[in-house]
Amino acid sequence: MAYEEPVKDYDKIVENCTCAFCGSNCDDLDILVKDNHVAGVRHACRLGASKIMEDEDQRLLVPMVRDENGELVEVDWDTALDKAAELIAGSIRPVFYGWSETSIEAMKPGLELTELVGAVIDNQATICHGPTVQAVQNVGYPLMTLGEVKNRADMLVYTGSNPMNAHPRHLSRYTTYPKGFFRRRGRFDRTLVTWDPKFSDTAKLSDIWVPFEENGDYGFCNAIRAVLKGKELKQDVISGIPKEDIYELTEKMKNTKFGALFFGLGLTHTLSKQRNIDIAIQLVQDLNKYTKWVLLPMRGHFNVNGFNIFMSYEMGFPYGVDFSRGYPRYMIGETTTIDLLNRRECDVFMVIAADPGAHFPGGALAHLANIPVIQIDIHWGPSTEMADVVLPGTFIGVETAGTSYRMDSVPLYMKKAIDPPETCREDEWIVNELLQRVKNIKEASK
Amino acid sequence: MTYIEKPSISNVVKFDDPDVTQVKKLKVMLNTGTDIYQGACKKRGSTLKDEYRKVAGVCYMDPKDMARLGVGNWESILVKSDWGEVVCYAAHSRDAPHEGMIFIPKGPWANVVVSPETYCCSDPTYKGIKATVEKSDKEVLLMADLMRDVYKKYVKEGEETEELPSLGESPVYKKIRSQ
């Protein structure tokens, strides 16, 4: 890449802002502000910087509603909110999906609205770490905070994830490179291991790369568990890995002082789904007979964990909670968004701070073409191409303050650096307005 | 350890490689997932632009597989699975070698060919999908055109999406445009 001059032309620096991109929630960003615009950002990775220095051409600035020709037309806030409230109040099986890129504060009225209309509330965990949550309910959660890993860990295993692409500062800020209290020499005191069929960008940096075959994660973890329990491996090659290598790796894992296993969507998206995570968690449990091992899912969005914690705290269930019977129900495969869409069940879809257009499989998205879609977002994206009502929100962490939860469940308060555009409204305000309007419609029809 | 040796990456597609026999259609395993270029472009919000097509509408392949099909970098290929078919660019993978495996970063292009089947686990199967790849002479569609072409939400009956004018690379604000 060409050398770029550092940004010198700015009015003020807003220090210690929290990054609103991935689950690492780096809270040391300095945002350079000029004329109420972000001129630059310091300390952020490529992903964080690109999000904070957003593309202003595609910013949603005004509420819009589709006309009879199927084109989006700008309207005032009252018209758009009334239209959205009317759709929600008149629906039988609405789904409110998203929430992972907004603050906990906006989720509160959202939950109230869900209860009022008997909707299904769900977040991005349903398409990423849903199986992880199920596995945690099955077999437990040997969790830690990232600070512990920084200060103590001498072996780090990444499996089914590629943090150099998805969480670029994870290695440098929390796990591999920083100097910790017991790991004074930083990277030199730690062993980095990657288990991945692909020679990913993280594998290129690792000391040990274990290229098990596609869908071989379950068999590989099982083999390590067997060796840990003193069993002899009967096959010469397991999941594409020679058995001598498995013995050697197991020995290394037993002889660490503090090990941490991080896993990503490579495990949850393959065929064994939550069973992959079950076995990974059980492997960590078995390793704890010899030494200290912990594990952590690599959560994607900055507040995807926050929604699961919020819902578990308020309703007892982490995601995919259905209120259609008047009380909360949680049934994986039945009350989760993709299954509802696959069965062509829902009749109004509200998406807030998410982009199903970019991330849902086509088979599920095809149903969104049949039903009205309400979108609350900040950018014109793939979902806008399928949305009937568009409500422009504000950017949490830059334009609006709010609370979010890091991947290790540490809550962080995200500061604001600039004022939002005049015509946009905070997510919390939008959801509150929808709640009031739906209440009015329900009362009037009594 | 045997697995400690890391492969050297050949960056060039060698069409005259003696190990390679030309084929019309290649059976592959499709994986999807995030990628730093796709992530940066998507979250910046530049999804309508040509840039997004270049980072998400691209299929990363092993250079040997590309030589088998006879496609170079940034040429169009057709990816077919049981769930749909999509035209995207071919590009050599920086994680090669992984013959018989292709990678499309998550996004509207990958969505067309991945499986919505959740097996009652809430999570669709985004990885490990059987697919075929062949050379194509069609142009890769921009995001807005692709969404219109695939899901046809606002296409009137009798209209062919291929004949409609492109929706372009910038948001269409009707009132601002008419002023």
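About the criteria used
- Residues numbered from 1 in each chain as written.
- Chains lettered and ligands numbered in written order.
- Predicted model: local features only at pLDDT ≥ 70, side-chain atom pairs only at ≥ 80, totals over all residues.
- Heavy atoms only, no water.
- Core = buried A, V, L, I, M, F, W, Y, C linked by side-chain atoms within 4.5 Å.
- Buried < 20%, exposed > 50% of the residue type's maximum accessible area, 1.4 Å probe, protein only.
- Helix = DSSP H or I, 4+ residues; strand = E, 2+ residues; numbered from the N terminus.
- Contact = heavy atoms within 4.5 Å.
- 1 Å grid on protein atoms, 1.4 Å probe; cavity = no way out; pocket = protein on both sides within 12 Å on 5 of 7 lines; lining within 4 Å.
- Points joined across faces, edges and corners; volume = space filled by probe spheres on them.
- Nonpolar A, V, L, I, M, F, W, Y, C, P; charged D, E, K, R; others polar.
- Phe/Tyr/Trp six-rings, centres within 6.5 Å; stacked < 30°, edge-to-face > 60°.
- Lys NZ or Arg CZ within 6 Å of the ring centre and 35° of its normal.

Moving on, we come to the nonpolar core. One broad rule of soluble globular proteins: the nonpolar side chains tend to lie buried together. Counting residues in hydrophobic clusters, the biggest one holds 72 residues, and the most contacted among them are Phe349(A), Met61(B) and Val79(B). Among the elements that take part in this core, strand S4 (residues 84-92) of chain B stands out by supplying six residues, more than any other. Residues contacting Val79(B), with those up to four places away along its chain left out, are Gly84(B), Glu85(B), Val86(B), Cys88(B), Ile102(B), Ile104(B), Val113(B), Ala131(B) and Thr132(B). Formed by 42 residues, the second largest nonpolar core is a distinct cluster that contains Leu87(A), Val389(A), Leu391(A) and Val438(A).

Moving on: the layout of surface pockets. Computed from the structure, the largest pocket encloses a volume of approximately 620 Å³. Around the largest pocket, the lining comprises 27 residues; the ones closest to its centre are Arg66(A), Gly70(A), Glu71(A), Arg148(B) and Leu167(B). Listed by contribution, the elements that provide at least two residues to the lining of the largest pocket are helix H5 (143-151) and helix H6 (174-178) of chain B. A per-element tally of the lining of the largest pocket places H5(B) first, with four residues. When its residues are assigned to classes, the lining of the largest pocket shows 14 nonpolar, four polar and nine charged.

Moving on to the packing of aromatic side chains. Inspection of the entire model under this criterion finds 13 aromatic pairs over all chains. On the basis of an interplanar angle of 85° and a centroid distance of 5.0 Å, the ring pair of Phe181(A) and Phe182(A) is categorised as edge-to-face. A ring pair is formed by Phe317(A) and Tyr330(A), whose centres lie 5.3 Å apart and whose planes are at 20°; its orientation type is stacked. Taken together, the residues Phe317(A) in the loop between helix H13 (304-315) and strand S15 (321-322) and Tyr330(A) in strand S16 (residues 329-330) connect sequence positions 13 residues apart. Chaining the aromatic ring pairs together yields one cluster made of Tyr97(A), Phe349(A) and Phe360(A). Here the guanidinium or amino end of Lys198(A) rests over the ring plane of Phe103(B), the centre of that ring lying 3.8 Å away.

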